[in-house]
Amino acid sequence: MNVYDSERMLQQMHVLSVFATDVIDDADVIIINTCAIREKAVQKVYSFLGRLTAIKRKRQDVRVIVAGCVAQQMGSLLIQRFPFIDIVLGTHAVHRLPEYLKRLDRDGGPVIDTEMTADIPEFPADMPVLPQNTVSRHVTIMRGCDNFCTYCVVPYVRGREVSRRPEDIIAEIKMLVSAGVKEVTLLGQNVNSYGIKEGLVSFPQLLEQVNDLGGLERIRFVTSHPKDLSEDLMNSFARLDKLCNHIHLPVQSGSNWILAKMNRKYTREIYMDTVIKLRAISPGIAVTTDIIAGFPGETDDDFAQTIDLMTSVEFDHIFAFVYSDRPDTPASRIPEKVADPVKGERLRRALEIQEGITRQAYSRLIGRVFPVMVEGYSKNQLKSGGVVQWPQIELSGRTSENRIVNFYAPTPDPEADMDFSNGRIQNVRIDRACENSLWGTAVKQDDLCITPKKGEAYVA
Ligand code: 5AD
Ligand code: SF4
């Protein structure tokens, strides 16, 4: 969501003829888009602001803007601590950035806006599409969250759940597609409840509308709450050809006791059942998750149940975090905190277990062919200074399951349908598996007797 907000801010700056730079000393405006989900993210903001003190002392005309969840949460307290900040831009004020910059020039600062509004503001339909990353983009479909998981700060910093109108979402995606975008990721804290409050179309219906857009190749979405993943949404994976074969389904814990304390409203049994259903509907679907280690009151036995769930489900990937207290959340008031070293050890164990699961899963992919959307040169290729000689070129892309594949591509040959421009989908045979990435070789469409369908892979 922050990536999307950052893009929105950049777009607005483009309109003002202010462009992005990689060199901080060249910047006339410095925008820090912040995250408050965990303590560590907030610490990063403070240490970065500390660094800015010297820059601002040298060049007083530099505008410093703090946006995002820390801005929302701290408001004027941020200015007390760092008086050089010019604008505190809360999560509901992203669209006001140009107006506030003008106000700053006219009246001086600081400007603080942490007001929460009931509607999502729409940006003008003709906003410039940013030149970077034209293959894959995020599109926010809703804002805020009403779930109030007891550890989570999101409902406090992003406010109540509101859905955008489908026609606005479709218009935005059409604009992106006309600029060459091939893949969109629809964003919401809990996409399952899209449109329900407002009586709009349901999320599966929205997906269907997006699926019908010509020129778009792939659709992804994050995040689904396991408590209300509808049958209809599950069936979308089989029904919609552009919907990628991947779901991010945060489980957080494998212990029913801890899940109840977290206010997650599902049990490990319901969660595991959901995964079984999804895998039956969409064979080979990649399932990824989030895990929190060391929620207050979590015992060794509770965490053993998380590990047990992980080994039963065999996730494709996990994002694991140590629990951290967030201001105002109910969990922060639970006195039985887990000691830092214990949390750290649990996190390390979860990551180690997952490493083994991923290694095994990846080794099973060797020899299979997957359609990969080309995203550009591989990291190795970029590091090596870019030897751009076919056929040594190493490219990188993603399978429908969101696995990154680096691959060698033969000399492009439009006749043989071998085109490796960004956004093209080409078949790649997996030759080698590393810890977190796959390596392969592009193979011609003609070499295969069957056209791969979503979710299908086969031995070449
Ligand atoms: N401590 C640790 N992890 C957290 N998350 C959310 N709040 C906290 C917290 N207080 C994790 C959850 C969520 C992900 C985005 O961040 O796993 O799914
Ligand atoms: Fe936070 Fe829970 Fe909402 Fe996700 S569903 S944003 S974890 S409150």
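Residues numbered from 1 in each chain as written. Chains lettered and ligands numbered in written order. Predicted model: local features only at pLDDT ≥ 70, side-chain atom pairs only at ≥ 80, totals over all residues. Heavy atoms only, no water.

Attention now moves to the overall build of the protein. A count of helical and extended segments in the protein gives 14 helices and 18 strands. Its C-alpha atoms give the protein a radius of gyration of 23 Å, near enough to 23 Å, the size a compact globule of 460 residues would have. In terms of principal-axis extent, the alpha carbons of the protein reach across some 70 × 55 × 45 Å. Going through the 460 residues of the protein one by one, you find that 50% of them count as buried. Contacts in the protein between residues far apart in sequence, at least 24 positions, make up 72% of those at least 6 positions apart. Of the roughly 21000 Å² of accessible surface on the protein, a fraction of 53% belongs to carbon and sulfur atoms. A gap of 3 Å separates the mean positions of the 55 positive and 60 negative side-chain charges of the protein. (Helix = DSSP H or I, 4+ residues; strand = E, 2+ residues; numbered from the N terminus. Rg over C-alpha atoms; globule rule 2.2 N^0.38 Å. Buried < 20%, exposed > 50% of the residue type's maximum accessible area, 1.4 Å probe, protein only. Contact = heavy atoms within 4.5 Å. Areas by Shrake-Rupley, 256 points an atom, 1.4 Å probe, with all protein chains shown as cover. Lys, Arg positive; Asp, Glu negative; His and termini not counted. Charge placed at Lys NZ, Arg CZ, Asp CG, Glu CD.)

All residues in the neighbourhood of ligand 1 are listed as Ile-37, Arg-38, Tyr-151, Gln-252, Asp-290, Ile-292, Phe-321, Val-322, Tyr-323, Ser-324 and Arg-326. In this structure, Arg-38 approaches ligand 1 through a side-chain N or O atom, which is 2.8 Å from an oxygen atom. The separation between an oxygen atom of ligand 1 and a polar side-chain atom of Asp-290 is 2.6 Å. When the free accessible area of ligand 1 is taken as 410 Å², the share hidden by the protein chains comes to 87%. For the shell around ligand 1, the secondary structure elements donating two or more residues are β11 (286-293) and β12 (317-322). Here the shell around ligand 1 is built from residues that sort into 6 nonpolar, 2 polar and 3 charged. (Near = heavy atom within 4 Å. Polar contact = N/O pair within 3.5 Å; in protein donor to acceptor, adjacent residues only side chain to side chain. Nonpolar A, V, L, I, M, F, W, Y, C, P; charged D, E, K, R; others polar.)

Turning to helix α9 (residues 231-239), a few remarks are in order. One turn of an α-helix holds 3.6 residues; hence residues three or four places apart share an orientation. Considered for burial, the residues of α9 that qualify are Leu-233, Met-234, Ser-236 and Phe-237. One side of α9 holds all its buried residues, which, seen down the axis, span an arc of 140 degrees. On the buried face of α9, the contacting elements are α8 (203-211), β9 (218-222), β10 (246-248) and α11 (268-281). (Arc of directions from axis to C-beta.)

Burial of nonpolar side chains together is a common tendency in soluble globular proteins. Core analysis: the largest hydrophobic core is formed by 49 residues, its most contacted members being Ile-173, Leu-186, Phe-203, Val-210 and Phe-221. Leave out the neighbours within four places in its chain, and Val-210 touches Ile-170, Ile-173, Val-184, Leu-186, Leu-216 and Ile-219. Membership of the second largest hydrophobic core comes to 24 residues, among which are Ala-36, Val-42, Val-62 and Ala-71. (Core = buried A, V, L, I, M, F, W, Y, C linked by side-chain atoms within 4.5 Å.)

Time to look at the state of the cysteines. All told, the structure shown has 0 disulfides when counted by the stated rule. Its sulfur unpaired, Cys-69 is 6.3 Å from the next cysteine sulfur, which belongs to Cys-35. (Disulfide = S-S within 2.5 Å.)

Burial analysis of strand β17 (residues 438-442) places 4 of its 5 residues in the buried class, the great majority of the element. Here 4 bridges tie strand β15 (residues 404-408) to β17, and the two strands are oriented parallel to one another. Each residue of the ladder has a partner; that of Phe-407, found in β17, is Gly-440. Pairing of strand β16 (residues 425-433) with β17, which is carried by 5 bridges, proceeds in the antiparallel orientation. Across the sheet, the residue bridging to Val-428 is Ala-442, located in β17. (Pairing = 2+ DSSP bridges.)

Working definition: the strands of a sheet are paired by backbone hydrogen bonds and lie parallel or antiparallel to each other. Pairing in this open sheet of 4 strands is parallel, and the strands run β1-β2-β3-β4 from one edge to the other. In this open sheet, the two strands that pair with only one neighbour each are β1 (29-34) and β4 (111-113). Averaged over all pairs of adjacent strands, the angle between their axes in this sheet comes to 15 degrees, without regard to strand direction. Across the sheet, helix α1 (residues 2-15) lies against β1, β2 (63-68) and β3 (87-89), angled at about 160 degrees from β1, the strand it touches most. Its contacts with the sheet put helix α2 (residues 39-58) on β1 and β2, and the angle it makes with β1 is roughly 170 degrees. (Axes fitted to C-alpha atoms, helices over the stretch in contact; angles between N-to-C directions.)

Attention now goes to the domain arrangement of the protein. Interfaces are often sized by the accessible area lost when the parts come together. What the domain assignment lists for the protein is domain 1 (2-113), domain 2 (136-363) and domain 3 (368-459). Placing a centre on the C-alpha atoms of domain 2 and another on those of domain 3 gives a separation of 28 Å. Contacts between the two partners involve 23 residues from domain 2 and, on the opposite side, 19 residues from domain 3. Summed over both sides, the interface between domain 2 and domain 3 buries roughly 1600 Å², with carbon and sulfur atoms accounting for 51% of that surface. Looking at the side of domain 2 facing domain 3, the largest losses of area belong to Arg-218, Asn-245 and Tyr-362, adding up to 42% of the total buried there. The interface formed by domain 2 and domain 3 contains 1 salt bridge. Between Arg-403 and Asp-316 there is a salt bridge, and its shortest N-O distance comes to 2.7 Å. (Domains from an automatic or database assignment. Buried area = accessible area lost by both parts, 1.4 Å probe. Salt bridge = Lys/Arg side-chain N within 4 Å of Asp/Glu carboxyl O.)

Right, let's get into the site of ligand 2. With respect to spatial proximity, the complete set of residues near ligand 2 consists of Cys-145, Asn-147, Phe-148, Cys-149, Tyr-151, Cys-152, Val-154, Pro-155, Gln-189, His-225 and Arg-264. For the shell around ligand 2, the class distribution of residues is 7 nonpolar, 3 polar and 1 charged.

Moving on to a negative patch on the surface. A cluster of acidic residues, Asp-25, Asp-26, Asp-28 and Asp-61, forms a negative patch on the protein surface. One can find Asp-28 in the loop between α1 and β1. (Patch = residues over 30% accessible without salt bridge, like charges linked within 9 Å, V, L, I, M, F, W, Y side chains within 5 Å.)

Another aspect to go through is unusual backbone geometry. Of the consecutive residues Gly-109 and Pro-110, the connecting peptide bond is found in the cis state with omega at -5 degrees. In this fold, Pro-110 is placed in the loop between α5 (97-107) and β4. With a phi angle near 50 degrees, Phe-148 is a residue other than glycine that sits in the positive phi range. Although it is not a glycine, Glu-314 adopts a positive phi angle of roughly 55 degrees. Among the secondary structure elements, Glu-314 is positioned in the loop between α12 (300-313) and β12.

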